[in-house]
Amino acid sequence: MADSMTDYSTQLPSDDFIRKAIAAADINALRIALYHQTRDPELAAMTVVGLPLRGGAFEARVVEREYHDAIRKKAFDFLKSRRERPRPSPDREESYELMRLFQGREIDPAELEFGYEDLGFKEHSRGVEWKVQPSAEALARHKVLIVGAGVSGLAAAIQLDRLGIDYEIVERRDGLGGTWHINDYPGARVDVSTFLYQYKFEKAYRWKSYYATQSELLDYLNFVADKYTLRCRIRLNTELEVAEWSEADHEWQVSIRNPDGGVTRESFSIVISAVGLFRTARMPDIEGIDTFQGKICHTTEWDHSYDLRNKKVGVIGTGSTGTQLVPAIVDDSAHVTVFQRTPSWITPIQAYQAHVPQPLNWLIDNMPDYSSWYTYSLFVAD
C-alpha cells in the first residue's frame, strides 16, 4: 500500500493516464500542492471565489475557471519531468500561508490551527504528548479500561500506546468496529467524505470509494487494529456491567461479564467510555407493535436472511440511515412506504456511490501532499 506522503513512482504511466489523473483532481487542491513544490508565482496570483454548495448551506473555495487549463498543464509538466525528491511537507507557518492562498482570503487564527491539524502533515496532528515524561514506575501504577472497540476506542488505544500507558479494551460484540460492525443494513456507508472520516494518523490507506461502504470501513478498522497490534488488548464478547469509583482506593471497581457468562471484579485507574450512540437497538413506541404479525427489523440488527421480494415494507425514520436504506431496498420490495415525523432537506452529494478512479489513486500517491490538500478542500466546504 503506497504512502501518499513519500512514494514517487520511477516508472511513469502514459501521458493519457496522467491527464486523466489530473482531470479527476480537485483543481484548487492540485494548485496548492503544485505551488508548494514549484513556488510558481502564477499559481499564487490566481483568483479564488466562493461557490455555494447544497443549496447554499455550504461554500467551496475554488480557483476561477479561467485558470483551470493552466493549472492542469503545469501539473502535467511537473509530473512528467520531476525526478528529484519532493520538497518536505510544509511546517505550521508555511501551511498557514498556503491555507490563505487556498481560500483567497484572511482566515481566523483558530480556523488556521484547526485546518493545520486537519491537513495531517504531522503523523499524530491531534495527538497528546507528555510535557514531562513520567517514570516507568509512575506509568506502571496506572491501567486504563476502554469500553468499546469502535472508531473512538481504537483511536484511544493507539494514543495510550504512544504515551506508554497500559490499557485493555472490552467489546461486547463478537468483532471490533463498533458502528461499522453493527450497522450492516443495505446501503450502509459513511455520510461524509471518506477522506475526512479516516484517522489523521492513518490516511495513506487506498480507499475504493469516495463515501466508503460499511464493509470497506470495517476492513479499514481491521487494518488499523492489525497495524497497531491492538487485537491482543481487545476482549471480545465481554461487557462492562458496573463501574464504581472508590474514593478510598482512587480507582474504578468494575464488574465485567466474560464470554463464558461469568462475572469478574477488576480495578482500573481510568475508564474511557467509547460505546458510541448506536450501540443498542431502540424500537419505536407505536401502538400495536407488540401484536404486529409481520417481520420487524431494526437497522442495527438487520436480518439478511429475510427476503423482501413481494413484501410491503414500511420504513420508520428519514435520518441518514433511512435515507441510505430506502434506495437500497426499493427495487426488491413490492412497495415501500416511508413514515416521516419531521421533514428534512435532502440534496444530491456528488460521487456519493462512486469509486475512486485508478488514475486519481495514482495522483494521490505521486503528487506530494495532494491528498492533504484535497482533505482540506473538504474540510473547508463542510
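Residues numbered from 1 in each chain as written. Predicted model: local features only at pLDDT ≥ 70, side-chain atom pairs only at ≥ 80, totals over all residues. Heavy atoms only, no water.

Peer 1: Could you clarify how one ought to interpret the sheet that holds strand 7 (residues 251-257) in this entry?
Peer 2: Two pairing modes exist for strands in a sheet, parallel and antiparallel, and in both the strands are linked by backbone hydrogen bonds. Taken in spatial order, the three strands line up as 6-7-8 in an open sheet, and their pairing is antiparallel. Each edge of the sheet is formed by a strand with only one pairing partner; in this case those strands are strand 6 (239-246) and strand 8 (263-268). In this sheet, neighbouring strand axes are inclined to one another by 20 degrees on average, regardless of whether the strands run parallel or antiparallel. Across seven bridges, the pairing between strand 6 and strand 7 is antiparallel. Bridge pairing in strand 7 places Trp245 opposite Trp252. (Pairing = 2+ DSSP bridges. Helix = DSSP H or I, 4+ residues; strand = E, 2+ residues; numbered from the N terminus. Axes fitted to C-alpha atoms, helices over the stretch in contact; angles between N-to-C directions.)

Peer 1: I tried to follow the environment of Leu360 on my own but got confused; where do I start?
Peer 2: Position of Leu360 relative to the elements: it lies in helix 13 (residues 358-366). For Leu360, the residues in contact, after removing those within four places along its chain, are Ala21, Ala24, Ala25, Tyr210 and Tyr370. (Contact = heavy atoms within 4.5 Å.)

Peer 1: Sorry, what's going on with helix 2 (residues 27-38) here?
Peer 2: Side chains that are three or four residues apart share a direction in an α-helix, a result of its 3.6 residues per turn. In this model helix 2 runs 16 Å from its N-terminal to its C-terminal C-alpha over twelve residues, within 8% of the 16 Å that 1.5 Å per residue would give. Taken as a whole, helix 2 has its buried residues at Ile27, Asn28, Ala29, Leu30, Arg31, Ile32, Ala33, Leu34, Tyr35, His36 and Gln37. At the N-terminal end of helix 2, a side-chain oxygen is found 3.2 Å from the backbone nitrogen of Asn28, two or three residues along, and the residue is Asp26. Once helix 2 finishes, Arg39 follows within two positions and takes phi at roughly 55 degrees, a positive value. (Expected span 1.5 Å × (residues − 1). Buried < 20%, exposed > 50% of the residue type's maximum accessible area, 1.4 Å probe, protein only. Polar contact = N/O pair within 3.5 Å; in protein donor to acceptor, adjacent residues only side chain to side chain.)

By themselves, these figures tell us nothing about what the structure is for.
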